[in-house]
Amino acid sequence: MAELCRTDSSLTSLDEEVLWEMMEDHRCRIVRSIFPSRLTPYLRQAKVLDQLDEEEVLHSPRFNNTAMRVGYLLDLLKTRGKNGAIAFLESLKFHNPDVYTLVTGLQPSVDFTNFSGLMETSKLTECLAGAIGSLQEELSQEKGQKEALLRQCQQLQERLDQAEARAEGLRQLEADHSRMKREVSAHFHEVLKLKDEMLSLSLHYSNALQEKELATTRCRSLQEELYLMKQELQREKMSSSCEREFRERSLKMASDLEPGDEELSRLKEENERLRSLTFSLVEKDILEQNLDEALESRQELVDRIHSLRERAVAAERQRKQYWEEKEQTLLQFQKTKVDCEIYKEKMNALQSQVVELQKERDQAYSARDGAQMEISQNLTEKDALRRKVFELMDQVCELRQQVQRLRVQADSSPGVSAQEVGAREPCPKGKQRLVRMFALCPRDDSNGSSSESQLWSDLSATSSRELVDSFRSSSPAPPSQQSLCKRATEDFWEDPCSSSGCPEILEVDQGGSLVAKKSNADLDFEIVDRADLPESENSLQPSSGDLYLSASCFPVRRRPARKILSQVTVLAFQGDALLEQISVIGGNLTGIFIHRVTLGSAADEMALRSGTQIVMVDYEATEPSSKAVLEGMTLERAVGLLQRVNGFCCLSVKVNMEGYKKLVQDLEAKVATSGDSFYIRVNLALEGRAEGELQVRCNDILHVTDTLFQGSSCWHAHRVGPYSTKGTKHGTIPNYTRAQQLLIALLQDMAHQSTVTRKQSSGGAQKLVRIVSMDRTKASPLWSSFEGSQSDPSRVEGEVDPSTVCFWTESCFTLVPYTLVHPHRPSRPRPVLFVPRVVGKILIEKLCLFQGFKKCPAEYLSQEEYDTSSQRGDIIQEREASGGLYCVTRRAVESLMGKNTHALLDIQLDSVCVLHRMEIFPIIIHVSINEKVAKKFKKALQRLGTTEDQLLEAARQEEAELDKVPCLYSSLAPESWSDLDALLGCVRLAITDEQRKVVWTE
């Protein structure tokens, strides 16, 4: 295009179509870059646009943006022909030269000889003057903006000055704030006293509120008794009036039924008159016949009177009974009304108390937030003070080093080696690494070496007024053993806030040499690595073998450390025959506590006292696993582990005096015999022949409360009733190891068919053994973990799920005599599962006709729906179908349970575990099947297309799987029902009974 149009004069020689084709090729750039308001004045002067065209282009509501206006302008100019194109290009030469160059390929030049002649020279000058005026207006606007920016800068400078003045005021306020903080700290103790007084007042107030509530309750009970007495008095009055009225009515009725004296006399006269008359034989016969008929009618009337009297008496008795029932109903109604009013008052009182408690809770939350804010401020202040202490310690160190140098210069004794002098040079300045150091105990005898005495002589001179062996000494010399014992005893027992703030390891050398027997609770040290010190400062090596410093560290005093309750402290010492040094009590529920400590033993030297809870023990043993967690472990298991400790060991302990005191009180009050508490399901029958032994049947639930009962190898347990978790009859049972041995012996007797004859129950032979096989890869708290060939060396012994209990004993058997179980109390109706399934299908059809029972349908799921439900774990059982799957889902079961309906399930027994994982606990009804019983289902089996032999085979297979079910089930004996209707009645009673029972799951 540029080669075709080299000069401006050549544009006028081009055709109209060529010009517009050039502009159409660059139409997109033109509509995006041009402002039509700048071009329209020139186009009007060129007479290609009029005033109406200009107003339509610039102000038409059809065009929403500049691009649309420019597009319409081009379309309008195109109708003007070649003049419109040339005028548009010349306007681009003035206002958009870059677009002009892009379209034409020519450089714009303002040469009046090159214009097309579309307008006169005077008009062109006028147009140019207008353009220059618009540019001057833009320049004046930019100058105004510049002046506004200058004024804004001045305002910002003034604000900066004001901010500096405000910062100066804030610094003054900060100084006042620090002064006020010092004043607040001075009144801190007074505030504590006021808080204590407020706490005591709140306790008194709460006690008064409780007494008021008790009095109110007593008053309400007395009012209720008074109302009941009034009701009883009114009822007695009404009953007496009814009896009186009944007597009057009976007397009146008797008087009405008896004939009067006048009628009797009349009848006698008529009888005498008739006797006096003489009749013929025919008349006599007629009269005799009439007499017989009269007698018969009289007898009938008498009988009818007697029957009416009996009916009247019965009616009166029934009326009296109805009257009494009416009175009782009224009395119950009045009593219920009173109870309702009382309950309303109680609910109102409870709601008001709840509102008050919520207010108190909000106040407690606000107080807690305030306390946390105060604690954070105190910690910030402590950090600042700690930095100041470090600076002061550096200054003290420099001053002591100056004193040492002066003494070295004054004293030219040859006994002081250059190596010791180098060791006394000052430590490097700067922030030191905070590391806890083991406490060092100096030698107790007076035969210390001269180098040791020279080492500490200059340091002890500055603290001559303080005792070197005191735990409160400011000397850098470590405290003595007596001081450490004293401090540990005071902080560990007297101060409730003085437990260890972080786990500390206290080590004792096995060979007898002294290596840190105690940890000082108030005197801690920082360790400065010798790698950071100059070479001349690393020469501090005392010649004494009893007192030594680490080759890579140097002790420096730091802030006192405070112990915090309930945090674990690790104690390392020589634990030879550990159970001879300490005795323990407790169990899996309360934890294992130290009860007594032998005086003079290593445990006594480590300041172990009664009430210390042992959390973990790490001991030297030949087995790969020598570390055990005692939390959640039974007393028998813990004693067995501690008996194995015979050498160097590490005990992780913490202070739990509250739990220990509660346990001791329960033991002294004989509320409990130990700290053990868990429930088991017995898998074999125990006869309990000896005195005190508990007779146990297979599948009984026992509550074990002591695994080391009277120090023997037996457990103390209570038999748990079916409807609660409380124990009834109690006694001893064999521990886990003995129970395994008894189980093996019982299996051997059964194998040799020499089992002792036992009583037969109504349901058939008594079940003696429940055989349970478990996967050894799944951890069970009842199994022993001491088999070295199968144990993982890296695994910490005793680390199990908190919901389980570790009470197994040392054993190598794989049989499970006891199974750990947990109680559940479902509030909604539980689903029902029948064994065998063939009988279940028959019973489900019958039970669906009763209210409260409904069959759980299998839903048809597509593959996508099945994948989604399977990922959520909502599939209970599935079976394949064309194009998808039919599944029994969790949603279907829970929907029926939400409608207060028992869901009747037609699923296999292995789906029970799936339901338990969903927190759904089904009722399992087992119907015992034999050949006689199978005949009773003959017609129902024909409808299902099943034979009696198939029913018997399915029953044998599913009965064998019942022992694998992790819960109890209800069994219906064949003798308890005679036909299908009686079986339905027994099943409904069994379901009702199972719904009331506690559910025990493994």
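- Named according to an unreviewed UniProt entry, the protein chain is Caspase recruitment domain-containing protein 14 originating from Bison bison bison.
- As stated in UniProt under Subunit (unreviewed entry), the record for the protein chain gives "Interacts (via CARD domain) with BCL10 (via CARD domain). Forms a complex with MALT1 and BCL10; resulting in the formation of a CBM (CARD14-BLC10-MALT1) complex. Interacts with TRAF2, TRAF3 and TRAF6."
- According to the UniProt record, the Subcellular location (unreviewed entry) comment for the protein chain is "Cytoplasm".

A look at the overall build of the protein chain
Reasoning step 1: Each helix and strand in the protein chain was counted, giving 28 helices and 23 strands.
Reasoning step 2: Summarising the internal contacts of the protein chain: among those between residues at least 6 apart in sequence, 71% fall at separations of at least 24.
Reasoning step 3: Of the roughly 61,900 Å² that the protein chain leaves accessible, carbon and sulfur atoms contribute 53%.

Section: the packing of aromatic side chains
Aromatic ring pairs are described here by two measures, namely the spacing of the ring centres and the angle between the planes.
Reasoning step 1: The tally for this structure, following the rule as stated, stands at nine aromatic pairs.
Reasoning step 2: Put simply, the rings of Phe 678, Trp 715, Tyr 736 and Tyr 818 pair up and form one aromatic cluster.
Reasoning step 3: The ring of Tyr 72 carries the charged tip of Arg 62 above its face, separated from the ring centre by 5.5 Å.
Reasoning step 4: The ring centre of Tyr 723 lies 4.5 Å from the NZ or CZ of Arg 996, which sits over that ring.

Notes on the environment of His 59
Reasoning step 1: By the secondary structure assignment, His 59 is in helix α5 (residues 51-59).
Reasoning step 2: The exposure class of His 59 is exposed, given its relative accessible area of 60%.

Some details on the sheet that holds strand β14 (residues 818-824)
Reasoning step 1: Read across the open sheet, the six strands follow the order β13-β12-β11-β10-β14-β23; overall the sheet is antiparallel. Across the chains shown, the open sheet's two edge strands, defined by having one partner strand only, are β13 (727-734) and β23 (999-1001). Direction aside, the axes of adjacent strands within the sheet are offset by 45° on average.
Reasoning step 2: The sheet contact formed by strand β11 (residues 701-706) and strand β12 (residues 714-720) spans four bridges and is antiparallel. Across the sheet, residue Leu 702 finds its bridge partner in β12, namely Arg 719.

Details of helix α12 (residues 281-410)
Reasoning step 1: End to end, α12 covers 182 Å across 130 residues, agreeing with the expected 194 Å (1.5 Å per residue, within 8%).
Reasoning step 2: By the burial criterion, the buried members of α12 are Glu 316, Glu 327, Val 338, Ile 342, Ala 349, Arg 386, Phe 390, Gln 401 and Gln 404.

Here we look at the pairing of strand β5 (residues 582-587)
Reasoning step 1: The element β5 is extensively covered by neighbouring structure, given that five of its six residues are classed as buried.
Reasoning step 2: Note: β5 against strand β6 (residues 591-597), six bridges, orientation antiparallel. Within β6, the residue paired with Val 584 across the bridge is Ile 594.
Reasoning step 3: Linkage of β5 to β6, two consecutive antiparallel strands, is achieved through a turn of three residues.

So, a negative patch on the surface
Reasoning step 1: Where like charges cluster on the molecular surface, the negative patch consists of Asp 285, Glu 288, Asp 292, Glu 293, Glu 296, Glu 300 and Asp 303.
Reasoning step 2: You can see Glu 296 is positioned in helix α12.

Here's the deal with the pattern of salt bridges
Any two side chains of opposite charge can pair, so long as their charged atoms come close to each other.
Reasoning step 1: According to the stated counting rule, one finds 28 salt bridges in the structure shown.
Reasoning step 2: The salt bridge partner of Arg 27 is Glu 24, with a shortest N-O separation of 3.1 Å.
Reasoning step 3: On the basis of relative accessible area, Glu 24 is assigned to the partly exposed category, the value being 33%.
Reasoning step 4: Ionic pairing is found between Glu 631 and Lys 654, a salt bridge with its closest N-O pair at 3.5 Å. Here Lys 654 lies in strand β9 (residues 647-655) and Glu 631 lies in the loop between β8 (627-629) and α18 (635-643), a separation of 23 residues in the sequence.

Brief notes about the environment of Lys 726
Reasoning step 1: By the secondary structure assignment, Lys 726 is in the loop between β12 and β13.
Reasoning step 2: Those residues in contact with Lys 726 that lie beyond four places of it in its chain are Arg 719, Val 720 and Gly 721.

Here's the deal with the sheet that holds strand β22 (residues 970-972)
Reasoning step 1: What the five strands build is an open sheet, ordered β16-β20-β15-β21-β22; its pairing is parallel. Lying at the two open borders of the sheet, with one neighbouring strand each, are β16 (853-855) and β22. If you compare each strand with its neighbour and ignore which way they point, the axes differ by 30° on average.
Reasoning step 2: Alignment of β16 against strand β20 (residues 902-905), held across three bridges, turns out to be parallel. By the bridge assignment for β20, Lys 854 is matched with Ala 903.

Remarks on the packing of helix α4 (residues 36-45) against helix α7 (residues 82-95)
Reasoning step 1: Closest axis-to-axis distance for the α4/α7 pair is 9 Å, and the angle between their directions is 130°. In terms of axis orientation, α4 runs oblique to α7. For α4 against α7, the interelement crossing comes out right-handed. Contacts between α4 and α7 involve Arg 38, Leu 39, Tyr 42 and Leu 43 on the former and, on the latter, Ala 87, Phe 88, Glu 90, Ser 91, Leu 92, Phe 94 and His 95.
Reasoning step 2: Classifying every residue of the contact of α4 with α7 by side-chain character gives seven nonpolar, two polar and two charged.

The rules we used
- One numbering rule holds for all chains: residues counted from 1, following each sequence as written.
- Reporting in this predicted model follows two pLDDT cut-offs: at least 70 for local features of residues, and 80 or more for side-chain atom pairs to be given and counted; totals over whole chains, interfaces and linings ignore these cut-offs and use all residues.
- As a rule here, side-chain values cover all heavy atoms of the structure and leave hydrogens and water aside.
- UniProt positions are given in the numbering used here, feature names are shortened, and annotations may be inferred rather than shown by experiment.
- Helix numbering and strand numbering both begin at the N terminus, where a helix is a DSSP run of H or I of at least 4 residues and a strand a DSSP run of E of at least 2.
- Whether two residues are in contact is decided by their heavy atoms, any of which lying within 4.5 Å being enough.
- Note on areas: Shrake-Rupley, 1.4 Å probe, and residue coverage restricted to the protein chains presented here.
- Centres within 6.5 Å make a pair out of two Phe, Tyr or Trp rings, where for Trp the six-membered ring is used; the pair is then stacked when the planes are under 30 degrees apart, edge-to-face when over 60, and tilted otherwise.
- To sit over a ring, a charge needs its Lys NZ or Arg CZ within 6 Å of the ring centre and within 35 degrees of the ring normal.
- Relative accessibility under 20% of the residue-type maximum defines a buried residue, over 50% an exposed one, and the middle range a partly exposed one, all with a 1.4 Å probe and only protein chains included.
- Whether two strands pair depends on DSSP finding at least two bridges between them.
- Helix axes are fitted only over the stretch in contact, all axes being lines through C-alpha atoms; the angle between N-to-C directions runs from 0 to 180 degrees.
- Residue count minus one, scaled by 1.5 Å, sets the expected span of a helix.
- Patch construction takes residues with relative accessible area above 30% that form no salt bridge. Like charges are linked within 9 Å, and nonpolar side chains (Val, Leu, Ile, Met, Phe, Trp, Tyr) are linked within 5 Å.
- Take a side-chain nitrogen of Lys or Arg and a carboxyl oxygen of Asp or Glu: if they are within 4 Å of each other, that pair is a salt bridge.
- A positive count includes Lys and Arg, and a negative count includes Asp and Glu. His and the chain ends are not counted in either.
- To locate a charge, take atom NZ for lysine, CZ for arginine, CG for aspartate or CD for glutamate.
- In this scheme, roughly parallel covers angles under 35 degrees and roughly antiparallel covers those over 145, while 65 to 115 is roughly perpendicular and the rest are oblique.
- Helix crossings fall into two classes, left-handed where the near helix is turned counterclockwise from the far one by less than a right angle and right-handed where it is turned clockwise.
- Only Asp, Glu, Lys and Arg are considered charged, only Ala, Val, Leu, Ile, Met, Phe, Trp, Tyr, Cys and Pro nonpolar, and every remaining residue, Gly among them, polar.

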